[in-house]
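If you want the building blocks of each chain, they are given just below.
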Amino acid sequence: MPPLARSDQRLRPVDPEHDQRGDTMPAGKVFVVMVGVLSLAALFNAEAMLQRVETSELGRGRDVALWFWRPVEAVSTPLGFGMPRSGVEALRGTPGPDPGQTVAGSDPESSEQAAEARGPVGGSGQLGHEPFIPDPAAPTTIPGTGGPTTTPLDPPGSLPGIEPGADRPSTATPLGLPPPQPQPDPPAATAPAEPLSTPVTDGTGTAPTSTTPEPAPPGSVFPLRRPTVEDPLRILIIGDSTMDAVGNSMLRDLSNTGVATAELDYRISTGLSRPDFFDWPGHLREARAAGQIEVVVIMIGANDAQPFLIDDQPEAHGTELWFATYRHRVAALLDELTADGGWVLWIGQPVMRSEDYSAKMQQLNQIYAEEISRYPTAIYIDSRSVMSDGSGVYTAYLVDGGGTRQLVRQGDGVHLTSAGGDRLSPLIVEELNRIAPLY
Amino acid sequence: MLFPTVAFALFFCVAFLANWLLRPKPTVWRVAMIGLSFFFYGYWDVRFVTLLAGSIVLNHIVATALFAKRVDGRLSAAGRRVLVAGVAANLGILGFFKYYGFFVTSAENALGRFGIEVGPPLLDITLPIGISFFTFQAISYIVDIGRSRFDRPLPLLSLGFYLSFFPQLVAGPIVRATDMAPQISRRPDPRTIPAGEAFWLIAQGLVKKVVISSYLATNLVDPVFDVPGDHSRFEVLLAIYGYAIQIYADFSGYTDIAIGCALLLGFRFPQNFDSPYRARSIAEFWHRWHISLSTWLRDYLYIPLGGNRRGRLLTQRNLAITMVLGGLWHGAAWTFVAWGAIHAIALGVERVLRERWRPLGLPPRAVATLSWLTTFHVICAAWVFFRADSLTRAFELLERLVAGGEPSTVFSAVAVTLIAAVVASQFLSARSVDRIRSEFARAAPLAQITLLALTLTIIDAFGPDGVAPFIYFQF
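No experiment lies behind these values; they were computed from the predicted model shown.

> Help me understand the overall build of chain A in this model?
Each helix and strand counted, chain A has 11 helices and 12 strands in total. Considering only intrachain contacts with a sequence separation of at least 6, the fraction spanning at least 24 residues in chain A is 72%. Carbon and sulfur atoms form 56% of the exposed surface of chain A, whose accessible area is close to 17,800 Å².

As structure tokens, this is what we get:
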């Protein structure tokens, strides 16, 4: 029977075996070693750490971290403390930190470069880097409406920023953004005559789930082309961590068609709010240049309801300037992706468990839908009606076609489970099938 | 708060100082350490702290009631009812948070197949991290009181310290109260910290988790398990091996860090892994894998069911119940039940073979090699179900293992080397590692600092920019 409860004040070795061998240390020395290790490691890794902190979520935490890391980096670099890190990175063959990515698909080089473990929370910060999934508890206010909103969507154009179809901030010099590229002419035989303008639904399931061309009748020319086994449709699937489950389900579904090749390239904690953290337009420009991508499927935005920098000044989420800038970024990305007749399928964010967070996502969905309606080769896919109950309310469980109730949302109330991905994927594949027959 | 973060490193420095400076004042020390552990736990979600505090208070009340119902040092009939109620309360909390949705949807779907439509209330419950671990620790405490292994209940603060102690709070090892209570009441000598071993374990754990586990997950396991149809049978086989190494590196890495941190704070946790992949039988595997769980299941489930003392048939039944429930402990999904069932069947077959089969003149070395190969592949096959999102996906992967013939796309020499190196490391002698630890402990502080800082740099540079939560956090 072990001696219990009675406090025994005699000092005894933590581990008698080690104590006999004499390989123990006093607590003071251990503390000195610990502090010394952290200090020296800080000097060795100052540049990489500063880079991570600079691209972390704006706020007091970032300010404090910058206050610490800037002087450390200022000391470390001139004195050559960064050399061990540089040497290790040279050995590894990658220059500096890179936002995590998970790549699945058939590109071995991309797979080799994949740098992020599978994780359901959009990435957790190693050595101080925090995930971007915003605080769902933060109140949502749309300027002009006077208060928080969880109401169904306003009509297109009601959000502050740029009216659909109106001019965007010209060359956006105040924002430091490039001018939008001219719209390519739609393929004469395939594109709809009018820009698509179906409003995004409120998730009740009563409205159309996508803004899409009508399917071509049998025998007609499909909007994109007819893929074959020899010349399959080339698809790139991108996004943030919300694309994980959906993207993998799509890979499986597309693989079964036999006439499509797809690569999944999602990056956790990314979005359009923080191009300083990860530059999606630049990344996609390179990806499209490297491979002959015909369709880009994108699901992004879950990390975007956060402040971002405009001319190095933080702009709070929810202001008119914020929405205008964000809308401009969406348009610039669509310009990039639809150049040369490329097609885009943009999946809106699903209903979220937190009502405030869900309302923020719906604001972004509205921007996506409005901007997409101006591009003849872009399609908006509403995920809210598929991923909610019959009345558009968040639910973690849904019944599949076989009558089986399944868990479709992860415990965070944001991400989809594998079953959730399986539920959403057919909707996207069906849209692909409308522009290029897959089965 | 994840171990491989700056936040945890700073937190641990504070905890280390508080631990050793306040240790001479037991009450203040306990309060401070409980506060720090609550902070550590609440870093994920502050609501979790309420649950943990509730569990501490509940089990203190049960323990006090049990002692009140003892007669001549043994539990009375009323005491046994209190014990049953206490265990049921703990399991009820665990069941509600972890299994409610699983049981309700499983029942609904099963009844639906017979045309019976039910509309059970579905709750969207957040699973508190580590609930399975601290619940099992609490159950071991009150059951051990029932078994007269304590002569008095732990004071509330000591029980709070035991259940909330942050190094083992969220993913074990499942330390028994009988191991921890003496260490809480005894004051360790602050001049005798086995820092060499502790720092070695922490560095080793970080390498396992941040470098090995993350690399294999990203570059091999996830792509193949997510879309097996896109990969050849060779890649599928490699990915299954890869997952065996990934989960070992992930979980044993966490355990290494937990044991190392506890050592620096003056606590010795029991060993949780002992080169599990060198096992030559499934029974041996369970003596080497997640030892704190397997011994818990043995002591608090298998033996109370009757163990192996009631004949062959009942022994097999007890094994099956223990392993299937052990599988379910890992997660609320049929895949985990299947994983436990495979181990149960393998253990049962092993028992029969051991009694009836004699090696047919094979040399002992060949028998040992065959036993090892068979054991390793049964374990790997079971891991397929453990990792798969559903039973359907598991069978898809296994089907691909037989039928897949596409060219390789994710083959990586690095991944193969990592898998081979980790398997080979299972057969290494611990003596050489001990010698390195001792040398490190005797080295000058500046040398220790430089070596450890370089190790951290290598780990950070080779690891991904962002570490996924430890696999076992979800359990």
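> In this structure, what is going on with the overall build of chain B? I would like to understand it.
Assigned secondary structure in chain B consists of 19 helices and 3 strands. On C-alpha atoms alone, chain B measures out to a radius of gyration of 23 Å, which is about the 23 Å that the 2.2 N^0.38 rule sets for 475 residues. Once the C-alpha set of chain B is aligned to its principal axes, its extents read approximately 65 × 65 × 55 Å. Relative to all contacts within chain B whose residues are 6 or more apart in sequence, the contacts with residues 24 or more apart total 77%. With the model as given, the accessible surface of chain B reaches about 18,700 Å², and the carbon-plus-sulfur share is 67%.

> Just checking my understanding: could you explain unusual backbone geometry for this structure?
Glycine aside, a negative phi is what most residues show, and trans is what most peptide bonds show. The residue Asp340 of chain A is not glycine, and still its phi comes out positive at about 60°. In this fold, Asp340 of chain A is placed in the loop between α9 (320-338) and β9 (343-347). Positive phi, normally seen in glycine, also occurs at Ser275 of chain B, with a value near 45°.

> Quick question: what am I supposed to make of α9 of chain A here?
Two residues of an α-helix separated by three or four positions point the same way, owing to the 3.6 residues in each turn. Residue and element names in this part refer to chain A. With 19 residues, α9 extends 27 Å from end C-alpha to end C-alpha; this agrees with the ideal 27 Å at 1.5 Å per step. For α9, the buried fraction is high: 16 of the 19 residues fall into the buried class. Looking one or two places after α9, you find Asp340, whose phi comes out positive at around 60°.

> Whenever I open this one, the pattern of salt bridges confuses me. Can you help?
Two side chains that carry opposite charge are able to pair once their charged atoms sit near each other. Residues and elements named next belong to chain A. Applying the stated criterion across every chain yields a total of 33 salt bridges over all chains. One salt bridge connects Arg285 with Glu336, and the closest N-O pair in it is separated by 3.1 Å. Placement of the pair is Arg285 in helix α8 (residues 280-290) and Glu336 in helix α9, with a sequence separation of 51 residues. A relative accessible area of 9% means that Glu336 is categorised as buried.

> Hey, could you run me through the confidence of the model for chain B in this one?
Low-confidence regions, as indicated by low pLDDT, have predicted coordinates that should not be scrutinised in detail. Residue and element names in this part refer to chain B. Considering every residue of chain B, the mean pLDDT works out to 87; 95% of them sit at 70 or more. Counting interchain partners and residues more than four positions distant, the pLDDT-below-50 stretch residues 467-475 has 56 contacts. Predicted complex metrics record ipTM = 0.84 and pTM = 0.79.

> Explain the domain arrangement of chain B to me, please; I cannot follow it from the model alone.
Accessible area lost on assembly of the parts is the figure often given for the size of an interface. Residue and element names in this part refer to chain B. On domain assignment, one finds that chain B holds domain 1 (6-187) and domain 2 (195-462). A C-alpha centroid distance of 26 Å is found between domain 1 and domain 2. Contact with domain 1, which involves 38 residues of that partner, is made by 30 residues of domain 2. Carbon and sulfur atoms make up 70% of the area that domain 1 and domain 2 hide from each other, which totals about 2,800 Å². Linking domain 1 to domain 2 there are 1 salt bridge. Asp299 is the partner of Arg176 in a salt bridge, and the nearest nitrogen-oxygen pair spans 2.9 Å. Here domain 1 and domain 2 share 15 residue pairs in polar contact (both at pLDDT 80 or more) between them. Residue assignment for the side of domain 1 that touches domain 2 shows that the elements contributing at least two residues are α1 (6-22), α2 (26-42), α4 (77-113), α5 (131-146), α7 (166-169) and α8 (177-185). Looking at the side of domain 1 that touches domain 2 element by element, the count peaks at 7 residues for α5. Here the residues of the side of domain 1 that touches domain 2 are counted per class, giving 25 nonpolar, 7 polar and 6 charged.

> Is there a simple way to explain the nonpolar core in this structure?
One recurring pattern in soluble globular proteins is that nonpolar side chains are buried together. All names here are of chain B. Of all hydrophobic cores here, the largest spans 98 residues; its most connected members are Phe16, Tyr141, Leu264 and Phe267. Taken domain by domain, this core gets at least three of its residues from each of domain 1 (6-187) and domain 2 (195-462). Listed in part, the 52 residues of the second largest apolar core include Ala279, Trp339, Ile379 and Ala394.

> Which parts of the structure should I look at to understand the packing of helix α14 (residues 334-356) of chain B against helix α15 (residues 364-387) of chain B?
Each pair of packed helices gets described by two things: the angle between the helix axes and the distance between those axes. All names here are of chain B. Direction vectors running N to C along α14 and α15 enclose 160°, while the axes themselves pass 7 Å from each other. Accordingly, the angle class assigned to the pair α14 and α15 is roughly antiparallel. Where α14 crosses over α15, the two elements pack in a sense that is right-handed. Packed against α14, whose contacting residues are Thr335, Phe336, Ala338, Trp339, Ile342, His343 and Ala346, the element α15 presents Val378, Ile379, Ala382, Trp383, Phe385 and Phe386 at the interface. Considering only residue class, the contact of α14 with α15 consists of 11 nonpolar, 2 polar and no charged.

> Can you walk me through the confidence of the model for chain A in this structure?
Residue and element names in this part refer to chain A. Averaged over all residues, the pLDDT of chain A is 72; the fraction at 70 or higher stands at 66%. Scored below 50 in pLDDT, residues 1-8 makes 27 contacts in the model with residues more than four places away or belonging to other chains. A low-confidence stretch, residues 95-209 (pLDDT under 50), is modelled with 300 contacts involving residues beyond four sequence positions or located in other chains.

> Just checking my understanding: could you explain the pairing of strand β4 (residues 233-239) of chain A for this structure?
Regular strands have side chains that alternate between both faces of the sheet. Residue and element names in this part refer to chain A. Counted residue by residue, β4 has 6 buried out of 7 residues, so it is predominantly covered. Bridge analysis of β4 against strand β6 (residues 295-299) gives 5 bridges, and the strand direction is parallel. Within the sheet, the bridge partner assigned to Ile237 lies in β6 and is Val297.

> Hey, could you run me through the environment of Pro227 of chain A in this one?
Residue and element names in this part refer to chain A. Within the element layout of this structure, Pro227 appears in the loop between β3 (210-211) and β4. Owing to a relative accessible area of 6%, Pro227 belongs among the buried residues under this scheme. Pro227 sits 31 residues away from Gly258 along the chain, and the two C-alpha atoms are 9.6 Å apart. Apart from residues lying up to four places away in sequence, Pro227 is in contact with Pro232, Leu233, Val259, Ala436, Pro437 and Leu438.

> What exactly am I supposed to notice about the state of the cysteines here?
Think of a disulfide as a covalent bridge from one cysteine sulfur atom to another cysteine sulfur atom. All names here are of chain B. Inspection of every chain in the model, using the stated rule, returns 0 disulfides over all chains. Free cysteine Cys13: the closest other cysteine sulfur is in Cys261, separated by 10 Å. Take Cys13: its relative accessible area is 12%, and that puts it in the buried class.

> When you look at a nonpolar patch on the surface in this model, what are you seeing that I'm missing?
Residue and element names in this part refer to chain B. A cluster of nonpolar side chains, namely Leu111, Phe114, Ile116 and Val118, defines an oily patch on the protein surface of about 370 Å² accessible area. Its location among the elements puts Leu111 in helix α4. The exposure class assigned to Leu111 is partly exposed, which follows from its relative accessible area of 32%.

> Could you clarify how one ought to interpret the packing of aromatic side chains in this entry?
What characterises a pair of aromatic rings is the spacing of the ring centres plus the angle enclosed by the ring planes. As enumerated under the stated definition, the model contains 62 aromatic pairs over all chains in all. On the basis of an interplanar angle of 50° and a centroid distance of 5.4 Å, the ring pair of Phe102 of chain B and Phe103 of chain B is categorised as tilted. Lying across the ring of Phe308 of chain A, Arg329 of chain A places its NZ or CZ 4.2 Å from the centre. When the ring centre of Trp329 of chain B is taken as origin, the NZ or CZ atom of Lys98 of chain B, which lies over that ring, is 5.3 Å away.

> Just to check I follow, could you spell out the environment of Tyr99 of chain B for this structure?
Residues and elements named next belong to chain B. Structurally, Tyr99 is set in helix α4. For Tyr99, a relative accessible area of 9% corresponds to the buried category. In contact with Tyr99, other than residues within four places in its own chain, are Leu94, Leu328, Trp329, Gly331 and Ala332.

> I would appreciate a short explanation of the side chain of Glu294 of chain A in the present structure.
Residues and elements named next belong to chain A. By secondary structure assignment, the location of Glu294 is in the loop between α8 and β6. When its relative accessible area of 13% is taken as the criterion, Glu294 is described as buried. Only 2.5 Å separates the side chain of Glu294 from the side chain of Arg225, close enough to count as a polar contact. Polar contacts involving the side chain of Glu294 include one to the main-chain amide nitrogen of Arg234, which spans 2.9 Å. Excluding its chain neighbours within four sequence positions, the residues that come into contact with Glu294 are Leu224, Arg225, Pro232, Leu233, Arg234, Gly342 and Trp343.

> I would appreciate a short explanation of the layout of surface pockets in the present structure.
Empty space among the atoms becomes apparent when a probe as large as a water molecule is rolled across them. Computed from the structure, the second largest pocket encloses a volume of approximately 1,300 Å³. Lining the second largest pocket are 46 residues, and of these Trp200, Leu201, Gln204, Val433 and Arg437 of chain B lie nearest its centre. Looking at the lining of the second largest pocket, the elements that each hand over two or more residues are α1 (16-21) of chain A together with α9 (195-226), α10 (233-264), α17 (413-425), α18 (430-442) and α19 (445-462) of chain B. For the lining of the second largest pocket, the element with the highest residue contribution is α9 of chain B, accounting for 10 residues.

About the cut-offs
- Residues numbered from 1 in each chain as written.
- Chains lettered and ligands numbered in written order.
- Predicted model: local features only at pLDDT ≥ 70, side-chain atom pairs only at ≥ 80, totals over all residues.
- Heavy atoms only, no water.
- Helix = DSSP H or I, 4+ residues; strand = E, 2+ residues; numbered from the N terminus.
- Contact = heavy atoms within 4.5 Å.
- Areas by Shrake-Rupley, 256 points an atom, 1.4 Å probe, with all protein chains shown as cover.
- Rg over C-alpha atoms; globule rule 2.2 N^0.38 Å.
- Expected span 1.5 Å × (residues − 1).
- Buried < 20%, exposed > 50% of the residue type's maximum accessible area, 1.4 Å probe, protein only.
- Salt bridge = Lys/Arg side-chain N within 4 Å of Asp/Glu carboxyl O.
- pLDDT = per-residue confidence, 0-100.
- Domains from an automatic or database assignment.
- Buried area = accessible area lost by both parts, 1.4 Å probe.
- Polar contact = N/O pair within 3.5 Å; in protein donor to acceptor, adjacent residues only side chain to side chain.
- Nonpolar A, V, L, I, M, F, W, Y, C, P; charged D, E, K, R; others polar.
- Core = buried A, V, L, I, M, F, W, Y, C linked by side-chain atoms within 4.5 Å.
- Axes fitted to C-alpha atoms, helices over the stretch in contact; angles between N-to-C directions.
- Parallel < 35°, antiparallel > 145°, perpendicular 65-115°, else oblique.
- Left-handed = near helix turned anticlockwise from the far one by under 90°.
- Pairing = 2+ DSSP bridges.
- Disulfide = S-S within 2.5 Å.
- Patch = residues over 30% accessible without salt bridge, like charges linked within 9 Å, V, L, I, M, F, W, Y side chains within 5 Å.
- Phe/Tyr/Trp six-rings, centres within 6.5 Å; stacked < 30°, edge-to-face > 60°.
- Lys NZ or Arg CZ within 6 Å of the ring centre and 35° of its normal.
- 1 Å grid on protein atoms, 1.4 Å probe; cavity = no way out; pocket = protein on both sides within 12 Å on 5 of 7 lines; lining within 4 Å.
- Points joined across faces, edges and corners; volume = space filled by probe spheres on them.

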